[in-house]
Amino acid sequence: MQFTIQEIAKLVNGQVDGGTATVITGIAKIEDAGPGELSFISNPKYAKFLDTTQASAVLVNKDFPATQKTVIRTENAYVAFLTVLRTFYPDNDSLHPGIHPSAVIEEYSLIDDDCAIGPFVYIGKNCTIGGGTRIHPGVVIGENVTIGEDTILYPNVTIREHVTIGNNVIIHNGTVVGSDGFGFAREGDIYHKIPQVGTVVIEDNVEIGSNCSIDRATLGETRIKKGVKLDNLIQVAHNVVIGENTVIAAQSGISGSTKVGKAVVMGGQVGIAGHIDIGDNVTIGAQSGVSKGLRADQVYFGYPARPIMQAKREEAAMRRLPELIKRVAELERMIKEMKDGG
Amino acid sequence: MQFTIQEIAKLVNGQVDGGTATVITGIAKIEDAGPGELSFISNPKYAKFLDTTQASAVLVNKDFPATQKTVIRTENAYVAFLTVLRTFYPDNDSLHPGIHPSAVIEEYSLIDDDCAIGPFVYIGKNCTIGGGTRIHPGVVIGENVTIGEDTILYPNVTIREHVTIGNNVIIHNGTVVGSDGFGFAREGDIYHKIPQVGTVVIEDNVEIGSNCSIDRATLGETRIKKGVKLDNLIQVAHNVVIGENTVIAAQSGISGSTKVGKAVVMGGQVGIAGHIDIGDNVTIGAQSGVSKGLRADQVYFGYPARPIMQAKREEAAMRRLPELIKRVAELERMIKEMKDGG
Amino acid sequence: MQFTIQEIAKLVNGQVDGGTATVITGIAKIEDAGPGELSFISNPKYAKFLDTTQASAVLVNKDFPATQKTVIRTENAYVAFLTVLRTFYPDNDSLHPGIHPSAVIEEYSLIDDDCAIGPFVYIGKNCTIGGGTRIHPGVVIGENVTIGEDTILYPNVTIREHVTIGNNVIIHNGTVVGSDGFGFAREGDIYHKIPQVGTVVIEDNVEIGSNCSIDRATLGETRIKKGVKLDNLIQVAHNVVIGENTVIAAQSGISGSTKVGKAVVMGGQVGIAGHIDIGDNVTIGAQSGVSKGLRADQVYFGYPARPIMQAKREEAAMRRLPELIKRVAELERMIKEMKDGG
């Protein structure tokens, strides 16, 4: 596929500074791009590569400084880059509508004609699956599951019984939705299993990475709201609610019954205790340990998590502690001397 | 399904304070329950919901304070709640005894007639599987595996060759039992693989969450003893032994050859070094990092893990460190002044 | 299988101190070995077991102190132990060359005659798989995947489209290679998915544990170089490069675009930020959090990671902090007294 710079500018509603006739045949990162390739600079950190890049044109934000390179100025260079990316690399899923003969589908399940069901897929009874949805090889879906339209389940995903999944959801390989929550009643040293009879609801436009575990509720539901994006290897315990458009990086874990607000951003390997509330628009730094509720609109960091300015101040103080111990010993020596001398 | 309050009291061997004739049609959490529903209060933290709950009756412990709500007093409200839960939601596994025609079972394997083997299950040769055990779709079992009675393997579990699994074991989706331990012999910069020729033994009444990795031993065995409960995404390295009735929360990891005692409780994201002993009845707080053996019956916390009172004291001291640095500078100034003045 | 001590000494090019005729019928750890078994001591920590072991012979390093037990002295006791282990326990994979009739292989894929393809394996179109490679039950391979010779994919592994895997690679159960990187462009509160159109390259002699997630690049490639060994439940984000012979313990995670050098050693549960460089031969202690690049040949530890001597010094100082606060209060009291008294 190839386009002129002019054509790309039109595609992204941008303005060209420089030549418009050059033909673009591919897309690459700014530090890797060669002649004939288009790149982009969204993060100013990467502006330094503009002088040395071999790219034939670079997508930049409207207010990007003047330059001798050919640039295409747009409202949001990253979103423009996405548009071009989707044009150069259209979604070519190899799984086409239809049901592979090896798939096993139990009775009373309603599969839209426009669904694609791959080899070795198992679908339990009483399921409903919407049009445009693609179920890749090796996926197992329990009974009474509802899945919306244009959703993708990648190979070896498991959806357990009674789970509900919305439209335009993407779930990557090996992820499990609806395994039993971790609930036991202790009697002496013995733990009795508490039946986990609730469910999981995954709303529209959610994406979940690979090898995640999303547990079903004890009673009621675990809910992942619209537009949430989860990275890989994430733990979501029973009865957790994750608010709209929240983004969580890999290997983080959220304990039972915790409510996470809207538009929260969590780094990787964060741990959140159970039965607490995380406010809207909270940001939590990587590897933080959160044991108490967090107020909205703040940035937190550390183990235990605290407001980031406080965490940074304490961390800097920590650096000075070995020297401080020496200074205190010196003060003690001086005072002893003064007293003795006095 | 529905029962009167009287019938439920009888079921849990409890005493009713209030009306006994009301019909109960469901179960819900105390904060969610509506008319006609039964709830429970086990943790005193939830007692505050009693005034506002719409539940028609609430299971409480014997010594719960007097109240105008209808309550059913029992020895252990949580265990009573479990009993009722199992009555309202009997285990209705959709997988029935018999072998699905798509399953592949190699020669010399003995499968009890009362087993349920789902679609796309693979069972290697020389396996023995006891009565009442259910092997869900997509499970792969290597050769020479022994599985007891009434055990459940959920979809897409893998049990590798020569592993032994007891009775009444539950293993959730995506979990791997018996992958190779992480063992290499370094020669210069090259690592040679050490064949992992040991095995894994999972004893009776163990439950393992989804997407866990339980490695086989280098020599000998990795052993998970009776009644152990593991949450999701847990790492158990080669030659680890986990003692009876120990409970470990999600995303924790135990390094090679470590012995964990009985009735230990670990929070989530705990990391334990290799070749150490964790005593019986130890409690370890979430995200702790344990690099040395821990004595029995103590509570530990932190990175590195230390007795919790010490950890809390140091954490509180840490909060005061930035101010302490200022105080020491002030002392230095004062002493200089006194000396100069003197 | 059985050998005399003499035969074993010959096999490992070692020298016997003691009787050579005893027959060895098995191998065990030094603390477990019984009569007729061979053991080894490589780590001096285990030398204490020599007095009490029941082993009939023990492999030791050349310079091991004189002893009355029968020992076989070799250049490297651990490598010798490996050689014996492989002789006693030859690789007996139950999966033999040939394609199981239940496997589904799409058109234009080239599978070497010497490959073993197990039940319920799916292979997309345009794949190439080399001789001696074994694809275990339940593995799913997307289209345009290339896999070299003598590679093993264990049950329920997923290899996504366009991924390249070298020779002598081992990938354990449930691991996913090529799931989408975690890339979104934010526009207000909405996150737009950035198509992940790059790939993953796994070079020769790499071993990857179970339930790992290795993401494909946004553009370009994620690359795991020759001889790298990854433990279980590890996250490798998009565009990461891991240098030759690097070893990473379980549950560690590496964020996007980070370059890890050669012969790096990472403990378990380490987290590494994105877009940084980790130098060659770096060692990183377990549970460390690395937010900035690390210089080659150093040992780092802690959260945040810092040179280990500094981390240990600060940790020791931390232990003394509660007492230091008291000492500073005492100094303040004394100075006040001196001033008041003066």
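Residues numbered from 1 in each chain as written. Chains lettered and ligands numbered in written order. Predicted model: local features only at pLDDT ≥ 70, side-chain atom pairs only at ≥ 80, totals over all residues. Heavy atoms only, no water.

## Some points on the overall build of chain A
Part 1 of the argument: Secondary structure summary: chain A contains 4 helices and 40 strands in total.
Part 2 of the argument: If one aligns the C-alpha atoms of chain A with their principal axes, the spans along those axes are about 100 × 75 × 30 Å.
Part 3 of the argument: For chain A, the share of sequence-separated contacts (at least 6 apart) that also reach a separation of at least 24 residues comes to 17%.
Part 4 of the argument: Carbon and sulfur atoms form 50% of the exposed surface of chain A, whose accessible area is close to 13,500 Å².
Part 5 of the argument: Positive and negative side-chain charges in chain A, numbering 32 and 39 respectively, have mean positions lying 10 Å apart. (Helix = DSSP H or I, 4+ residues; strand = E, 2+ residues; numbered from the N terminus. Contact = heavy atoms within 4.5 Å. Areas by Shrake-Rupley, 256 points an atom, 1.4 Å probe, with all protein chains shown as cover. Lys, Arg positive; Asp, Glu negative; His and termini not counted. Charge placed at Lys NZ, Arg CZ, Asp CG, Glu CD.)

## Side note on unusual backbone geometry
Part 1 of the argument: A cis amide bond links Tyr-303 of chain A to the next residue, Pro-304 of chain A, at an omega of 5°.
Part 2 of the argument: Mapping Pro-304 of chain A onto the fold places it in the loop between β39 (299–301) and β40 (306–307).
Part 3 of the argument: The phi dihedral of Gln-269 of chain B is positive, around 60°, even though this residue is not glycine.
Part 4 of the argument: Tracing the sequence through the fold places Gln-269 of chain B in the loop between β34 (265–266) and β35 (271–272).

## Description of the relation of the copies chain B and chain A
Part 1 of the argument: Mapping chain B onto chain A leaves a residual RMSD of 0.1 Å; the transformation is a rotation of 120° accompanied by 0.0 Å of translation along its axis. Considering both components of the superposition, the chain copies are consistent with a three-fold axis. (Least-squares fit on C-alpha atoms with pLDDT ≥ 70 in both.)

## Brief notes about the interface of chain A and chain C
Part 1 of the argument: Listed per partner, the contact involves 62 residues of chain A and 67 residues of chain C.
Part 2 of the argument: The contact between chain A and chain C buries some 5,200 Å² in all, and 64% of this surface belongs to carbon and sulfur atoms.
Part 3 of the argument: Where chain A packs against chain C, one counts 3 salt bridges.
Part 4 of the argument: Close ionic contact of Lys-193 of chain C with Glu-207 of chain A constitutes a salt bridge, the shortest N to O distance being 2.8 Å.
Part 5 of the argument: Here chain A is connected to chain C by 25 residue pairs in polar contact (both at pLDDT 80 or more).
Part 6 of the argument: Of all the secondary structure elements, the ones that give two or more residues to the side of chain A that touches chain C are α2 (77–88), β28 (229–230), β31 (247–248), α3 (308–319) and α4 (321–341) of chain A.
Part 7 of the argument: Examining the composition of the side of chain A that touches chain C, we find that 11 residues originate from one element, α4 of chain A, more than from any other.
Part 8 of the argument: Split by residue class, the side of chain A that touches chain C holds 36 nonpolar, 16 polar and 10 charged. (Buried area = accessible area lost by both parts, 1.4 Å probe. Salt bridge = Lys/Arg side-chain N within 4 Å of Asp/Glu carboxyl O. Polar contact = N/O pair within 3.5 Å; in protein donor to acceptor, adjacent residues only side chain to side chain. Nonpolar A, V, L, I, M, F, W, Y, C, P; charged D, E, K, R; others polar.)

## Thoughts on the interface of chain B and chain A
Part 1 of the argument: The interface is formed by 62 residues belonging to chain B together with 67 residues belonging to chain A.
Part 2 of the argument: Interface area for chain B against chain A, summed over the two sides, is near 5,200 Å², with a carbon-plus-sulfur share of 64%.
Part 3 of the argument: Seen at the junction of chain B and chain A, the total is 3 salt bridges.
Part 4 of the argument: Between Arg-327 of chain A and Glu-332 of chain B there is a salt bridge, and its shortest N-O distance comes to 2.8 Å.
Part 5 of the argument: For the interface between chain B and chain A, the tally reads 24 residue pairs in polar contact (both at pLDDT 80 or more).
Part 6 of the argument: Counting residues per element, the ones that place at least two in the side of chain B that touches chain A are α2 (77–88), β28 (229–230), β31 (247–248) and α3 (308–341) of chain B.
Part 7 of the argument: In terms of residue count, the dominant contributor to the side of chain B that touches chain A is α3 of chain B (14 residues).

## Points about a negative patch on the surface
All names here are of chain A.
Part 1 of the argument: Together, Asp-112, Asp-113, Asp-114, Glu-149 and Asp-150 make up a negatively charged patch on the protein surface.
Part 2 of the argument: Along the chain, Asp-150 turns up in the loop between β16 (146–147) and β17 (152–153).
Part 3 of the argument: On the basis of relative accessibility, which here comes to 42%, the residue Asp-150 falls in the partly exposed class. (Patch = residues over 30% accessible without salt bridge, like charges linked within 9 Å, V, L, I, M, F, W, Y side chains within 5 Å. Buried < 20%, exposed > 50% of the residue type's maximum accessible area, 1.4 Å probe, protein only.)

## Here we look at the environment of Thr-74 of chain A
Residues and elements named next belong to chain A.
Part 1 of the argument: Looking at the element boundaries, Thr-74 is found in strand β7 (residues 71–74).
Part 2 of the argument: Sequence spacing of Thr-74 and Glu-332 is 258 residues, and the spatial spacing of their C-alpha atoms is 65 Å.
Part 3 of the argument: Excluding residues within four positions of it along the chain, Thr-74 makes contact with Val-12, Gly-14, Leu-59, Val-60, Asn-61, Lys-62 and Ala-80.
Part 4 of the argument: Among the polar contacts made by the side chain of Thr-74, one reaches the main-chain amide nitrogen of Ala-77 at a distance of 3.5 Å.

## Quick notes on the sheet that holds strand β29 (residues 235–236) of chain B
All names here are of chain B.
Part 1 of the argument: If you walk across this open sheet you meet the 10 strands as β9-β12-β15-β18-β21-β26-β29-β32-β35-β38, and the pairing is parallel. Looking at which strands have only one partner, the edges of the open sheet turn out to be β9 (104–105) and β38 (289–290).
Part 2 of the argument: Where strand β32 (residues 253–254) and β35 come together, 2 bridges link them in parallel fashion. Among the inter-strand pairings, Gly-253 is bridged to a residue of β35, identified as Gly-271. (Pairing = 2+ DSSP bridges.)

## A closer look at the packing of aromatic side chains
Part 1 of the argument: As enumerated under the stated definition, the model contains 24 aromatic pairs over all chains in all.
Part 2 of the argument: Pairing Phe-40 of chain B with Phe-81 of chain B gives two aromatic rings, centres 4.0 Å apart and planes at 20°, and the pair type is stacked. Placement of the pair is Phe-40 of chain B in strand β5 (residues 37–41) and Phe-81 of chain B in helix α2, with a sequence separation of 41 residues.
Part 3 of the argument: Residue Phe-40 of chain B is classed as buried on the basis of its relative accessible area of 16%.
Part 4 of the argument: Overall, the relative accessible area of 2% leaves Phe-81 of chain B in the buried class.
Part 5 of the argument: Within the aromatic cluster, the residues linked to one another by ring pairs are Phe-40, Tyr-78 and Phe-81 of chain A. (Phe/Tyr/Trp six-rings, centres within 6.5 Å; stacked < 30°, edge-to-face > 60°.)

## Re the pairing of strand β23 (residues 190–193) of chain B
All names here are of chain B.
Part 1 of the argument: Here 4 bridges tie strand β22 (residues 184–187) to β23, and the two strands are oriented antiparallel to one another. Bridge pairing links Phe-184 to Lys-193 in β23.
Part 2 of the argument: In sequence, β22 turns back onto β23 through a hairpin of 2 residues, with Gly-188 there showing a positive phi of about 65°.

## Considering the packing of α3 of chain A against α3 of chain B
Part 1 of the argument: Contact pair α3 of chain A / α3 of chain B: the axes reach a minimum separation of 9 Å and the direction vectors enclose 65°. Overall, the two elements α3 of chain A and α3 of chain B adopt an arrangement that is roughly perpendicular. Viewed along their axes, α3 of chain A and α3 of chain B form a crossing whose handedness is left-handed. Residues Gln-310, Arg-313, Glu-314, Ala-317 and Met-318 of chain A of α3 of chain A form the contact with α3 of chain B, whose participating residues are Met-318, Arg-319, Leu-321, Pro-322 and Ile-325 of chain B.
Part 2 of the argument: Grouping the constituent residues of the contact of α3 of chain A with α3 of chain B by class yields 6 nonpolar, 1 polar and 3 charged. (Axes fitted to C-alpha atoms, helices over the stretch in contact; angles between N-to-C directions. Parallel < 35°, antiparallel > 145°, perpendicular 65-115°, else oblique. Left-handed = near helix turned anticlockwise from the far one by under 90°.)

## Some details on the sheet that holds strand β7 (residues 71–74) of chain B
Residues and elements named next belong to chain B.
Part 1 of the argument: Taken in spatial order, the 5 strands make up an open sheet running β2-β7-β6-β5-β4, and their pairing is mixed. Edge positions in the sheet fall to β2 (15–17) and β4 (26–27), since each has one partner strand and no second.
Part 2 of the argument: Where α2 meets the sheet, it contacts β4, β5, β6 (57–61) and β7, and its direction lies at approximately 140° from that of β6.

## A short note on α2 of chain A
In an α-helix, one full turn covers 3.6 residues, which means residues spaced three or four apart are oriented alike.
Residues and elements named next belong to chain A.
Part 1 of the argument: With 12 residues, α2 should cover 16 Å at 1.5 Å per step; its first-to-last C-alpha distance of 16 Å lies within 8% of that length.
Part 2 of the argument: Taken together, the buried positions of α2 are Ala-77, Val-79, Ala-80, Phe-81, Leu-82, Val-84, Leu-85 and Phe-88.
Part 3 of the argument: Capping of α2 at its N-terminal end is provided by Asn-76; its side-chain oxygen lies 3.1 Å from the backbone amide nitrogen of Tyr-78. (Expected span 1.5 Å × (residues − 1).)

## Considerations on the pairing of strand β24 (residues 199–202) of chain B
Residue and element names in this part refer to chain B.
Part 1 of the argument: In β24, alternate side chains face the same way, and those of Thr-199 and Val-201 on one face and Val-200 and Ile-202 on the other are all buried.
Part 2 of the argument: Relative to β24, strand β19 (residues 164–165) is paired through 2 bridges, and the arrangement is parallel. Bridge pairing in β24 links Thr-164 to Val-201.
Part 3 of the argument: As paired strands, β24 and strand β27 (residues 221–224) are joined by 4 bridges and run parallel to one another. Bridge assignment links Thr-199 to a residue of β27, and that residue is Glu-221.

## Focus: the domain arrangement of chain A
Part 1 of the argument: On domain assignment, one finds that chain A holds domain 1 (3–88), domain 2 (98–309) and domain 3 (313–341).
Part 2 of the argument: For domain 1 of chain A versus domain 2 of chain A, the distance between C-alpha centres works out to 37 Å. (Domains from an automatic or database assignment.)

## Topic: the environment of Asn-239 of chain B
Residue and element names in this part refer to chain B.
Part 1 of the argument: Summarising the element assignment, Asn-239 is placed in the loop between β29 and β30 (241–242).
Part 2 of the argument: For the pair formed by Asn-239 and Arg-73, sequence separation is 166 residues and the distance between their alpha carbons is 46 Å.
Part 3 of the argument: A distance of 2.8 Å separates the side chain of Asn-239 from the backbone oxygen of Leu-219, its partner in a polar contact.

## A closer look at the pattern of salt bridges
Part 1 of the argument: Here the structure, examined in full by the defined rule, presents 48 salt bridges over all chains.
Part 2 of the argument: Put simply, Arg-160, Glu-161, Asp-180 and Lys-193 of chain A together with Glu-207 of chain B are held in one network by salt bridges that share partners.

## Some words on the side chain of Glu-143 of chain A
Part 1 of the argument: Residue position: Glu-143 of chain A is located in the loop between β15 (140–141) and β16.
Part 2 of the argument: It is Lys-125 of chain A that comes nearest to the buried, bridge-free Glu-143 of chain A among opposite-charge side chains, at 4.2 Å.
Part 3 of the argument: The residues touching Glu-143 of chain A, leaving out its near neighbours within four places in the chain, are Gly-124, Lys-125, Cys-127, Glu-161 and His-162 of chain A together with Asn-92 and Ser-94 of chain B.

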